[in-house]
Structures are given as structure tokens and as C-alpha cells.
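Inside the fold
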Amino acid sequence: MFMHRMLPTARADAARWIRAAVAIISSALIAGCKLDVTELWRIDGHQSTLVTAGPVAAEQSHLFMLTVWVTLTIFVVVGSTLAYATLKFRARTADDEHAEPPSQGHGNPLIELGLIAASVGALVIIAVPTLRAIWYTYDVPVAQKNNVFEVNATGYQWWFRFEYPTEQATVTGSQKMPLAVANELVIPAGRPIRINLRTMDVIHSFWIPKLAGKVDMIPNRANFLWLEADKPGYFWGQCAEYCGDSHAVMRFRVIALPQKEFYAWLDEQTKPARNVAPQTGDRNAPKAQFASLRSPDDFGQNEKGISNRFEVSPLEAWRAQQMPDKGEDAALVAKGKATFQAKTCLACHTVRGHGAAGVTAPDLTHFGARTTLAAGLLENNPEQLRRWIHNPGAVKPGNKMAKGFIDNHIQLSADDELALVAYLESLK
Ligand code: CUA
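What counts as what
Residues numbered from 1 in each chain as written. Predicted model: local features only at pLDDT ≥ 70, side-chain atom pairs only at ≥ 80, totals over all residues. Heavy atoms only, no water. Pairing = 2+ DSSP bridges. Helix = DSSP H or I, 4+ residues; strand = E, 2+ residues; numbered from the N terminus. Axes fitted to C-alpha atoms, helices over the stretch in contact; angles between N-to-C directions. Parallel < 35°, antiparallel > 145°, perpendicular 65-115°, else oblique. Contact = heavy atoms within 4.5 Å. Nonpolar A, V, L, I, M, F, W, Y, C, P; charged D, E, K, R; others polar. Core = buried A, V, L, I, M, F, W, Y, C linked by side-chain atoms within 4.5 Å. Buried < 20%, exposed > 50% of the residue type's maximum accessible area, 1.4 Å probe, protein only. Domains from an automatic or database assignment. Buried area = accessible area lost by both parts, 1.4 Å probe. Salt bridge = Lys/Arg side-chain N within 4 Å of Asp/Glu carboxyl O. Polar contact = N/O pair within 3.5 Å; in protein donor to acceptor, adjacent residues only side chain to side chain. 1 Å grid on protein atoms, 1.4 Å probe; cavity = no way out; pocket = protein on both sides within 12 Å on 5 of 7 lines; lining within 4 Å. Points joined across faces, edges and corners; volume = space filled by probe spheres on them. Left-handed = near helix turned anticlockwise from the far one by under 90°. Lys, Arg positive; Asp, Glu negative; His and termini not counted.

**Section: the sheet that holds strand β1 (residues 149-156)**
A sheet is described by the order of its strands in space; here 5 strands give the open sequence β3-β2-β1-β5-β8, paired in mixed fashion. Edge positions in the open sheet fall to β3 (176-182) and β8 (223-227), since each of these has one partner strand only. Across this sheet, the average inter-strand angle for adjacent strands is 30°, counted without regard to direction. By the bridge criterion, 7 bridges tie strand β2 (residues 159-170) to β3 in an arrangement that is antiparallel. Pairing of T170 across the sheet is with K176, part of β3.

Right, here's the structure in full:
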């Protein structure tokens, strides 16, 4: 609306700036940033904090939006006043440049008091809901304390261990230990979950954008948070505190299930690792399945390891993952189990019931039933699993398994890899 009153030079300037901006943006797009423009205004992505799925995240989102509206109002009022004054009192001609400044005012008590009152008002509007949100999100509301489900989450470089302290899992016979899983936290929906946050090494931060967060996992400090999922769902989590080489790929998932399905899952998880029954039926089916795998050397350094099928209906993918594969090759699985021991994988990983009791790496007792591997980075399927064990350092720089392979001179042949893949995928 001011364009027709602009000086010709100012108009030319504006046009130049617009042309430059268009040129930069379009060349960035053409240069192959692979920037999907629709992504720019999407607010419902997997890690959106604006489209929430639980009361804690909703409270945080409301507070954020309230602050946005208050500050936006201040911006519009101050910005438009500034724009008005700049345009109205600007120098229009060469003579204006040398004109005497207009008479200067020296304070207006009414305006000054009004501005102080408006500032205090804006602060109160933000402060009261902030305090309420801090109170609410800090711990489970008293009225719901009896219904709380408690889990422990521990951060490691670069993965998460989730322990269910109230659930005893069978090792062998009557030998039990608390149930622990890795990187996929399964919870009952519609129930408050209290998560005790610990770390084994450096500071991590626990964040599930659609549910709750962020709260740091700090050495020697007993932090916790609570969250609740309104409905069954599948949620993306992320370490939100820089913690070393692979911080950006330190991810996890939260799967919220209906109460009954959750307890059925717990029952399955507390059982020791599965043993594959001797082969029946078509003996060539598994070999055909492995023959079609993409070579692990074909994957690019940062190539995505999650399929679109999985991104679109993750909870269904999770449910499908609980079922054993058809046509497992029992001989190959047995070879994989022996390789797991021979290559000393068991020194770091636990597989309850299979004689593996390492504690420094993820528990793999029911590994095959998870949807992801390498801490939520790759989809759990034979192709991605082989990519991971073939060269873990290429997928997740600096990780302990890659270092362990080198330090302990562990070399896996192509056959070893396939056997390990068959074995690990059989651990449903
Ligand atoms: Cu753990 Cu960043």
C-alpha cells in the first residue's frame, strides 16, 4: 500500500531485493537440496510439538501458543508504530534532509505509565499459565497417583535402555531379572507413565515431542518426567542434548497400546528368547528371501533406512512385527546363534535363555519384535540389519560395536552376517 508513495530509487531497491531472494531460493531448490516445499509448512510431522497426543505435551503446546500470541501482539503494535513514524516523518526531498528537526517532546506521564502497565499485564498473562504448567507437567497429578505405571529410562551413547522394574522376566527356569528392552518403550495408553531418567555416561535429554519433554538425563542426579498418551499410537523420540558423535541419531520410539494388548505384550516380553522349531515345508524359501537383499556396501553414508510403508502406518507395522516370519531356516538360525557366541556378541548383549548376559549393549531377547534397530535409526528388517552389522560405524559414527569389532579383531564373513541376521530376526 505504500509502494505508490515510495521514491523511484526505493522502489528499485525493493525490486532488487525481491529478485535476489527469489533467485537464491529457486537456485537452492534447483541445486538439489531435495527440499520438499510442502515440508516447510507441515506442522504435523512425527516430531511435531504443535500437534500433540497427550496432556503433558498439550499443556506445553498451549503455553507456547499463548506466548506466541502475546509476543506477536507486542511485535505488531511496536512494529506498526515504528513503521508509521518512519514513513510519516521520513525525508521526502533533498531539502527535507537539511531541515530543522521538529520540536522534541520530553516525556508524557500518561503514555509512560500506560506502557509500564501494559508490560506488567503482558508478563502476568504469560507468568500465571507458565507457573501452572510447571506445576502440572512436573509430576503426575495427585488424583491419578494410584494409576501410575512406572518405568526406568537410561541413556547410553547412543541408545536408550527401558526397564520395567515391576515386571520380572525369565532367564532360565526359575531365574529372573527385571524386564529390560531397548529403544522402543511400550506403554499402556490412557494411563499416566512416570519415567525415571538416568544415564550411564554423559548428559542426554529425553524428548518425545508429541507426548512430553525435554528432561535431561544427568549423571548422579535422579530426574524424572511423566507423560500420558491419549490414545494408542506410535511416537518418535529423540535425544535432545548434544552427547557426542552420534547424538543426532540417538533416537527411540514410544508405542502406546490398549491396556489389554499392553499386558499381552508384557507377557511375551518376560518369556525367554524364542527357539525356532526344526524346519518344515519349503527349504528354499528363506534362501530366496536372503538372495534378494541389497548388498550392504550399496548403502550411502546417510541413506534413509525407514520405508514409507512404515512411516504411514507405524502402529500396524509394529503389530505385524510381533509375528514370527514365515519359512524361517532353522539351520541358518542355529548357525547364527553359534556365530553370536563365537564372535563374542554375548559379551555385550543379553539374550535371556540363550546364554548371553552382557549388560553394556541393548538387550536383544526379543529383538525381532522391534520395528527399528540402531536406536530408532533403521527399520528392523533383514536388509537394514545386515547393513548395520556389516559396518556399524558407517551407520552410527563412533559407536561401541564398531569400535569393538576393531579392538577385538572381529571379522564377519558374508555367511556369518546372513546367519546372524536370521538368528536375530527370529528373536520375536
Ligand atoms: Cu544422547 Cu544426545
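Anyway, onward from the coordinates.
**Concerning the packing of helix α3 (residues 55-88) against helix α5 (residues 109-138)**
Close contact between α3 and α5 brings their axes to 10 Å; oriented N to C, the two are set at 170°. Judged on the interaxial angle alone, α5 and α3 are roughly antiparallel. Across the interface between the two elements, P55, V56, E59, Q60, L63, L66, T67, V70 and I74 of α3 pack against A122, I125, I126, P129, T130, R132, A133, Y136 and T137 of α5. When its residues are assigned to classes, the contact of α3 with α5 shows 12 nonpolar, 4 polar and 2 charged.

**Some words on the nonpolar core**
Ranked by size, the top nonpolar core spans 48 residues in total, and within it Y164, I195, F206, L227 and W265 carry the most contacts. Per-element accounting of this core gives the leading share, 5 residues, to strand β10 (residues 251-257). Residues lining this core come from more than one domain, with at least three contributed by each of domain 2 (43-94 + 109-258) and domain 3 (272-428). One finds V249, A273, L418 and V421 within the second-largest nonpolar core, a separate group that totals 31 residues.

**Side note on the domain arrangement of the chain**
What the domain assignment reports for the chain is domain 1 (1-36), domain 2 (43-94 + 109-258) and domain 3 (272-428). Averaged C-alpha coordinates put domain 2 and domain 3 at centres separated by 33 Å. Taken residue by residue, the interface counts 33 residues in domain 2 and 27 residues in domain 3. Both faces considered, domain 2 and domain 3 share a buried interface measuring about 2300 Å² in area, 58% of it formed by carbon and sulfur atoms. At the junction of domain 2 and domain 3, the tally comes to 0 salt bridges. Where domain 2 packs against domain 3, one counts 10 residue pairs in polar contact (both at pLDDT 80 or more).

**Topic: empty space enclosed by the protein**
This structure, assessed with the given rule, holds 2 cavities of 30 Å³ or more. Its boundaries defined by the atoms lining it, the largest cavity holds a volume of some 110 Å³. At the level of elements, α7 (285-291), α10 (330-342) and α14 (414-426) are the ones that each hand at least two residues to the lining of the largest cavity. Tallied by class, the residues present in the lining of the largest cavity amount to 7 nonpolar, 3 polar and 4 charged. Within this model, the second largest cavity holds a volume of roughly 70 Å³. Of all the elements in the fold, those that place two or more residues in the lining of the second largest cavity are β4 (184-188) and α6 (259-270).

**Quick look at the packing of helix α11 (residues 382-390) against α14**
Two packed helices can be described by the angle between their axes and the distance between those axes. One can describe the packing of α11 onto α14 by two numbers: an axis separation of 10 Å at closest approach and a directional angle of 125°. Our classification of the angle between α11 and α14 gives oblique. When the axes of α11 and α14 are compared, the crossing they make is right-handed. Of the residues in α14, those in contact with P382, L385, R386, I389 and H390 of α11 are E417, L418, L420, V421, L424 and E425.

**Section: the environment of K260**
You can see K260 is positioned in helix α6. Separated by 197 residues in sequence, K260 and L63 have C-alpha atoms that sit 34 Å apart.

**Describing the side chain of E425**
With respect to the helices and strands, E425 occurs in helix α14. No salt bridge is formed by the buried E425; the nearest opposite charge belongs to K428, separated by 5.2 Å. When neighbours within four sequence positions are excluded, E425 is seen to be in contact with Q321, D325, F367, G368, N380, N381, P382 and L385.

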